[in-house]
Amino acid sequence: MDEHATRIWAHRGASAYAPENTLPAFELALAQGAEGVEFDVQLSADGTIVVIHDETLARTTDGTGNVCDHTFAQLRRLDACAGHVGFRGVTIPSLDEVLEVLEPSGVTINIELKNSEVPYPGLEEQVVAAVASFGLAGRVVLSTFSEQSVRRLGPLAGGSELAFLYTDPRLRPWRPAAELGVAAIHPPLPYVFGAGFVRRAQAAGFAVRPWVVDGERSLRRMLRYGVDAVFTNTVDVAVAVRSGG
Ligand code: G3P
Ligand code: MG
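Residues numbered from 1 in each chain as written. Chains lettered and ligands numbered in written order. Predicted model: local features only at pLDDT ≥ 70, side-chain atom pairs only at ≥ 80, totals over all residues. Heavy atoms only, no water.

J.: For the pairing of strand β9 (residues 229-232), give the residues involved together with the corresponding values.
T.: Residues A229 and F231 of β9 are buried on one face, and the alternating residues V230 and T232, pointing to the opposite face, are buried as well. Looking at chain direction, strand β1 (residues 7-11) and β9 are connected through four bridges and run parallel. Each bridged residue has a counterpart across the sheet, and for A10 the counterpart in β9 is T232. (Buried < 20%, exposed > 50% of the residue type's maximum accessible area, 1.4 Å probe, protein only. Helix = DSSP H or I, 4+ residues; strand = E, 2+ residues; numbered from the N terminus. Pairing = 2+ DSSP bridges.)

Listed below in structure tokens is the structure:
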């Protein structure tokens with residue numbers, strides 16, 4: 001592949017087709033040809049890093065209440081199929097289980113720390129230690145909506161890349177990104193304002209990876225703008241669009 005080609009990163013795994021943030025979603029993302037996989041991590045009440053997006057359980061599992069109030073054993077008893085037919089009984093994975101699946105594949109691994117609502121003290125250290133224990137630092141991108149957490153990650157990252165993740169419109173996100181010392185910006189798709197925006201970010205030294213880019217039109221536009229990667233729930237569509245389909 002052309003070294004400048006836009007990379008395709010699976011958002012919460014192949015989450016259009018399999019329950020988000022579960023092992024089947026990650027396996028399917030690899031099978032569909034993703035070059036990167038993104039997922040979200042939090043801590044169980046007894047300190048296991050678990051892979052789940054919401055701070056609460058109701059949307060994606062048959063449980064209720066907060067992730068942080070349940071032990072890993074309790075979380076494990078929940079069904080995380082999130083209504084996907086054919087996936088009954090799939091469970092919330094631990095970070096270690098996900099890294100085990102992704103390690104042999106060679107894909108880039110974007111671990112998003114979900115610590116802006118529940119602060120999860122020590123999550124940064126624990127994530128970095130888990131990544132190091134798999135020898136994966138060089139393939140990992142760490143991101144979080146919490147700027148405080150990005151700052152904490154700075155001296156810890158151990159060779160992993162840091163990314164600036166944000167939700168509000170920013171005309172020059174490369175400025176806070178430079179101040180935070182990260183290597184990439186992860187803007188919401190609506191805030192990728194044009195090819196010039198992407199070029200300026202890249203000229204300032206930052207990779208640009210918008211989320212979430214699913215429809216063919218948006219995919220084509222982001223490819224035209226030359227973003228470094230797209231986060232997508234539909235890896236298969238993105239692969240087809242990129243190859244001219
Ligand atoms: O990391 C990109 C994207 O996942 C950020 O938003 O809410 O889907 O975790 P969210
Ligand atoms: Mg995420």
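J.: Quick rundown of the side chain of T232? Include the residues and the values.
T.: Within the secondary structure, T232 is located in strand β9. Within the local environment of T232, its side chain forms a polar contact with the backbone oxygen of V213, the two atoms lying 2.7 Å apart. For T232, the contacting residues outside a window of four places in its chain are I8, W9, A10, H11, G13, V212, V213, D214 and A238. (Polar contact = N/O pair within 3.5 Å; in protein donor to acceptor, adjacent residues only side chain to side chain. Contact = heavy atoms within 4.5 Å.)

J.: Go over helix α1 (residues 23-32), please, and point to the residues and values.
T.: Spacing of three or four residues puts side chains on the same side of an α-helix, whose turn is 3.6 residues. Buried residues of α1: A25, F26, A29 and Q32, and no others. The buried side chains of α1 occupy one side of the element, clustering within an arc of 130 degrees when seen end-on. Here the buried face of α1 lies against β1, β2 (36-43), β3 (49-51), α3 (95-102) and α9 (235-242). In the segment just after α1, G33 is the residue with positive phi, at about 100 degrees. (Arc of directions from axis to C-beta.)

J.: Any details on unusual backbone geometry? Residues and values, ideally.
T.: Cis geometry marks the peptide bond from W211 to V212, where omega comes out at -10 degrees. Mapped onto the fold, V212 is located in the loop between β8 (207-208) and α8 (216-225). A positive phi angle is found at R12, which is not glycine, with a value near 60 degrees. Examined against the element boundaries, R12 turns out to sit in the loop between β1 and α1. Residues other than glycine seldom take positive phi values, yet N21 does so here, at roughly 60 degrees. Locating N21 in the fold gives a position in the loop between β1 and α1.

J.: Could you give an account of the pattern of salt bridges, naming the residues involved and the relevant values?
T.: Evaluation of the coordinates by the stated rule reveals 15 salt bridges. Among the salt bridges present, the one from R59 reaches E20, with a minimum N-O distance of 2.8 Å. You can see R59 sitting in the loop between β3 and α2 (72-76) and its partner E20 sitting in the loop between β1 and α1, a full 39 residues away along the chain. Across the pair R209 and E161 runs a salt bridge whose closest N-O atoms are separated by 3.0 Å. Within this pair, whereas R209 is found in the loop between β8 and α8, its partner E161 is found in strand β6 (residues 161-165), the two being separated by 48 residues in sequence. Beyond isolated ion pairs, a larger network of salt bridges with shared partners links E147, R151, D168, R170 and E179. (Salt bridge = Lys/Arg side-chain N within 4 Å of Asp/Glu carboxyl O.)

J.: How would you summarise the nonpolar core if you had to cite specific residues and measurements?
T.: Grouped together as the largest cluster of nonpolar side chains are 69 residues, with contacts concentrated most on F39, V41, L102, I109, I111, V127 and L142. With sequence-adjacent residues up to four places away left out, I111 is seen in contact with F39, V41, L95, V127, V131, V140, V141, L142 and S143. In this structure, A184, A207, A229 and F231 belong to the second largest nonpolar core, which totals seven residues. (Core = buried A, V, L, I, M, F, W, Y, C linked by side-chain atoms within 4.5 Å.)

J.: If you had to explain the environment of I8 to someone new, which residues and values would you point to?
T.: Positionally, I8 belongs in strand β1. Spatially, the C-alpha atom of I8 lies 12 Å from that of G226, the residues being 218 residues apart in sequence. Sequence-distant contacts of I8, that is, excluding residues within four places in its chain, are made with A34, E35, G36, V230, T232, V235, A238, V239 and R242.

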